[in-house]
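Residue-level structure breakdown
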Amino acid sequence: MNSKRSVCVLICVFCFCCALGTFSVQELTVTQKELKDCEKQKKLCVMSSTDCRYMGLDGAPRVPRTPENFLNTSCHYLIHEDSLTCRWIQTTDVRSETNSSFIFSRVKDLLHCPAILNIYSTFNLTIKSKSVISQKEQFSVVYPLIIKDIIQAPRPLIRSVNATDSSINVTWTSGKIPLNINKCKIRYKRLNTESWTETADFPASVESQFVIEGLQAFSEFCLSVSCFHGFGRWSDWSHETRVKTTESLPSAALSLSYYVDSDKMSGIRWLVLLWKALDVTDARGLIREYEVSYMPIRQPSLKKTINTTQLKAVVPVRSEEYEVSVCAYNSAGRSPYRRYTLDTSRPHDVPAVKSLWVYSDGSSLRVRWEHQFTAVNISEFAIEWSSTTDREHRRWERVNGSTFTVRLSGIEAQQMYIISVFPVCEPLCGPPTNISADLQHGALWDLVGFGLLSVSSSSVVLRWSWQEAKPDVSVLQYRLVLTGPNETRTLAVFPDKQQHSFLHLHPNTKYSVQIHGETKDENFTKASLDINTLLLDYDEVMRFAIPAVLLLLIFGIFSVLSRTVCREYFFPIIANPRYSLIGRWLLNPHLQGSGKICVLKLDGLFLMDQQMEKSIIQVERRVSVGSDHEDEVPLKISATAEGTAQWKPSSDYGESALTPSSLTEYVDLPLLPDSSGYVQTGQIPGERSSD
């Protein structure tokens, strides 16, 4: 409580001094040998003879006091040194070096000034301060002192410390003095921490020891000792001593994650194991190595064990169940095993991170990424990085699952690094996403081959590619920007993305697309492209054209079928004699018959052999003109050399008087035998009619 109150007082004094002006902490120690008498002033003792003039014969000061320039003054007396030490805070308008001195005064005369510093003495103290530059002198108020009340025990001296894995044994001395040490206390803290832990007061002597227990193994501590006579003041803390507790068995098992990787070409499966380094409080020592064991459950004889100093192990496995165990070793022994039973044939749904990018951040590399939200809850991200020239020396960093950026320190300027990010969801983890980078250029990837993949009336598909290269500057990120008449769209692109589609665009509109690179100082245009969307899409045209063609085809088929059906059943075709040559001849009103029926006699026609040749009979009709009436023209049949029979009119009428009225018609008939003849009025020549 006293220490807290002192801290609060110091803070308040510090704030007050800052408001007044400059300040400095002053300390002055005086011993008996340094005190001098004032010859005519028996009630004064000074450190310098010139200070005698500032006091009257009665010991009262002759100069004005400035107590506001002497703040928080405290004094203590050391018996073993016969010395008086005072500390105060000096304030002044101008910071300058000062010299200080003490002026002692007492109501009674002083016979010998050095004797004033003893355990039973009482006196008044005035502090004088003089500026070296301006020679301005300032005097404090008079402080009444009782030596017995300000006696301070001597500062202890630590002789030795001995540590175990959970305790420290401290031995110290307080010097040989007439007054014995009554009690002491020890304060300690872990290295690189702020708060101290104080032990309770415990009995002690001039030479003592104490054991601090309940400490963490393999931890470095700072400690100091303070002692007390039983009256007066506690001694100053001894000089700090560092000590480290020894190692003990690791107290916790490793945090293990895994995933199965397979080579589609060779069919080989690899089990990738990741584990997190133990915390110092759990490691309890320096971890020397890790032991990894994996065994097929159905074949225990194939169990294998490997030792590694890395936080990752990759082992070949087959598609079956395995039992895996991992533990850590320090000089005291091994940690508890972390065991998993896993099936290497089952896929694991932990996706890799996306949009991985690296850029330089002073003397460090800043890594950032994105991760899609899935049913799997990502608890951590594990970041592995190593230089290409020293792949065995790999460093790791772990960040919370809600963090998507990390700063990697300790990066060398002329080295190229391979950085991998693993999503972790215990006991599973996802495959790594890798990127190369250096301190000068950041990510060693450059965007190339920017172009148009396809365009329609309402969308544009762009494509590009990435290649490993050293850009001119460290690019924070690349952005794809589409600019139209009434809109602008922006999208960040990273090496895992090689094309993008802008949808819901206006047809027959001009758009400008650019790739911008962003740096800390300025932005630059990497590539640009002007695009016009189409008025109509091929799909839209086909959407209307195909139904129209199908409709026309169906209508045509329906027309043809309906026409055929109507003609067949409802409107049959009636023969029109006008479309036939013979019909037109028969319908000619100028042609009249003789009233006789002529029948062609075909003797043996139906008894002819089947091998009889066929002939073509040509029937010709000729009509006489130039007379008042038309006569019937007899027809004659004539046969050509090939067996063609021609029917010709009788020569009695004369050919000049006949003109053909139409084309010749041919009738395919068999050859007529020589016995054929005409039958008139139903009578065959050579036979007598019954009339």
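Preceding this section is the structure that the text describes.
Residues numbered from 1 in each chain as written. Predicted model: local features only at pLDDT ≥ 70, side-chain atom pairs only at ≥ 80, totals over all residues. Heavy atoms only, no water.

Here we come to the overall build of the protein chain. Broken down by element type, the protein chain carries 4 helices and 49 strands. Burial analysis of the protein chain (691 residues in total) assigns 37% to the buried set. When contacts within the protein chain are restricted to residue pairs at least 6 apart in sequence, long-range pairs at least 24 apart make up 63% of them. With the model as given, the accessible surface of the protein chain reaches about 40900 Å², and the carbon-plus-sulfur share is 53%. (Helix = DSSP H or I, 4+ residues; strand = E, 2+ residues; numbered from the N terminus. Buried < 20%, exposed > 50% of the residue type's maximum accessible area, 1.4 Å probe, protein only. Contact = heavy atoms within 4.5 Å. Areas by Shrake-Rupley, 256 points an atom, 1.4 Å probe, with all protein chains shown as cover.)

In this section: the state of the cysteines. Applying the stated rule across the entire model yields 4 disulfides. Covalently, Cys184 is tied to Cys227 through a disulfide, its sulfur atoms 2.0 Å apart. Of note, the bridge from Cys184 to Cys227 carries an S-S torsion of about 100 degrees and is right-handed in sense. Of the two residues, Cys184 is situated in strand β12 (residues 183-190) and Cys227 in strand β16 (residues 220-228); the sequence distance between them amounts to 43 residues. In terms of burial, Cys184 and Cys227 fall into one category: buried. The connectivity of the disulfides in the protein chain is 1-3, 2-6, 4-5, 7-8, where the numbers refer to bonded cysteines in sequence order. In this model Cys425 remains outside any disulfide bridge; the closest cysteine sulfur is found in Cys429, 9.8 Å from its own. (Disulfide = S-S within 2.5 Å.)

Here we come to the sheet that holds strand β15 (residues 207-212). Strand order in this open sheet of 3 strands is β10-β11-β15, and the pairing throughout is antiparallel. If you trace the sheet from one side to the other, it starts and ends with β10 (157-163) and β15, each paired once. Strand-to-strand twist across the sheet, computed as the mean angle between neighbouring axes with direction ignored, equals 15 degrees. Relative to strand β11 (residues 168-173), β10 is paired through 6 bridges, and the arrangement is antiparallel. Note that in β11 the partner of Ile158 across the bridge is Trp172. (Pairing = 2+ DSSP bridges. Axes fitted to C-alpha atoms, helices over the stretch in contact; angles between N-to-C directions.)

Our next topic: the packing of aromatic side chains. In total, this model carries 16 aromatic pairs according to the counting rule given. Centroid distance Trp357 to Tyr478: 6.0 Å. Interplanar angle 75 degrees. Geometry classified as edge-to-face. Taken together, the residues Trp357 in strand β26 (residues 354-361) and Tyr478 in strand β37 (residues 477-483) connect sequence positions 121 residues apart. Judged by its relative accessible area of 1%, Tyr478 is buried. Aromatic ring contacts, followed pair by pair, group Trp357, Trp466, Tyr478 and Phe494 into a single cluster. For Arg187, the ring lying beneath its charged end belongs to Trp196, and the centroid distance is 4.3 Å. Sitting above the plane of the Tyr337 ring, Arg339 keeps its charged end 4.7 Å from the centroid. (Phe/Tyr/Trp six-rings, centres within 6.5 Å; stacked < 30°, edge-to-face > 60°. Lys NZ or Arg CZ within 6 Å of the ring centre and 35° of its normal.)

A few words now on the environment of Ser360. Tracing the backbone through its elements, the reader meets Ser360 in strand β26. A residue is classified by how much of its surface remains accessible, and Ser360, at 12% relative accessible area, is buried. Residues Ser360 and Asp438, 78 residues apart in the sequence, show an inter-C-alpha distance of 7.7 Å. Once residues within four sequence positions are removed from consideration, Ser360 is found in contact with Leu365, Leu439, Gln440, Gly442, Ser474 and Lys520. Polar side-chain contacts of Ser360 include one of 3.2 Å to the side chain of Ser474. (Polar contact = N/O pair within 3.5 Å; in protein donor to acceptor, adjacent residues only side chain to side chain.)

Looking at the element boundaries, Thr91 is found in strand β5 (residues 83-92). Judged by relative accessible area, which is 3%, Thr91 ranks as buried. Taking the C-alpha atoms as reference points, Thr91 and Glu68, 23 residues apart in sequence, are found 7.7 Å from one another. A distance of 3.2 Å separates a polar side-chain atom of Thr91 from the backbone oxygen of Glu68. Side-chain polar atoms of Thr91 contact the side chain of Asn69, separated by 3.1 Å.

Turning our eyes to something else, we now look at the nonpolar core. Formed by 45 residues in total, the largest nonpolar core has its most connected members in Trp369, Ile383 and Ile419. Listed in part, the 30 residues of the second largest apolar core include Leu274, Trp275, Val292 and Tyr294. (Core = buried A, V, L, I, M, F, W, Y, C linked by side-chain atoms within 4.5 Å.)

In this section: a nonpolar patch on the surface. Together, Ile268, Trp270 and Val314 make up an exposed nonpolar region whose accessible area comes to about 250 Å². Residue placement: Trp270 occurs in strand β19 (residues 269-276). Of the residues examined, Trp270 reaches a relative accessible area of 34% and is grouped as partly exposed. (Patch = residues over 30% accessible without salt bridge, like charges linked within 9 Å, V, L, I, M, F, W, Y side chains within 5 Å. Salt bridge = Lys/Arg side-chain N within 4 Å of Asp/Glu carboxyl O.)

On to the sheet that holds strand β35 (residues 445-455). Pairing is antiparallel in the open sheet, where 3 strands are placed in the order β35-β36-β39. Both edges of this open sheet fall to β35 and β39 (499-502), since each of them pairs with a single strand only. Within the sheet, the average angular offset between the axes of one strand and its neighbour, ignoring direction, is 20 degrees. Here β35 runs beside strand β36 (residues 460-468); their pairing, made up of 8 bridges, is antiparallel. When the sheet's bridge partners are listed, Trp445 is paired in β36 with Glu468.

Because side chains alternate across strand β9 (residues 143-146), one face comprises the buried residues Tyr143 and Leu145, and the other comprises Pro144 and Ile146, none of which is buried. With 4 bridges joining them, strand β7 (residues 122-131) and β9 adopt antiparallel strand pairing. In the strand pairing of β9, Phe123 is matched with Leu145.

Let us look at unusual backbone geometry. Cis geometry is adopted by the peptide bond preceding Pro427, which originates at Glu426 and carries an omega value of 0 degrees. The phi torsion at Asn72 lies on the positive side, around 55 degrees, for a residue other than glycine. Topologically, Asn72 is positioned in strand β4 (residues 70-78). The residue Asn192 is not glycine, and still its phi comes out positive at about 70 degrees. Inspection of the secondary structure assignment puts Asn192 in the loop between β12 and β13 (197-198). A relative accessible area of 73% places Asn192 in the exposed class.

One pass over the structure, following the stated rule, counts 18 salt bridges. Close ionic contact of Asp236 with Arg87 constitutes a salt bridge, the shortest N to O distance being 3.6 Å. Linking Asp236 in the loop between β16 and β17 (241-244) with Arg87 in strand β5, this pair joins segments that are 149 residues apart in sequence. Since its relative accessible area comes to 24%, Asp236 is described here as partly exposed. In this structure, Arg366 engages Asp361 in a salt bridge whose closest nitrogen and oxygen atoms are separated by 3.5 Å. For Asp361, a relative accessible area of 25% gives the class partly exposed. Linked through salt bridges whose partners overlap, the residues forming this network are Glu27, Arg87, Arg155 and Asp236.

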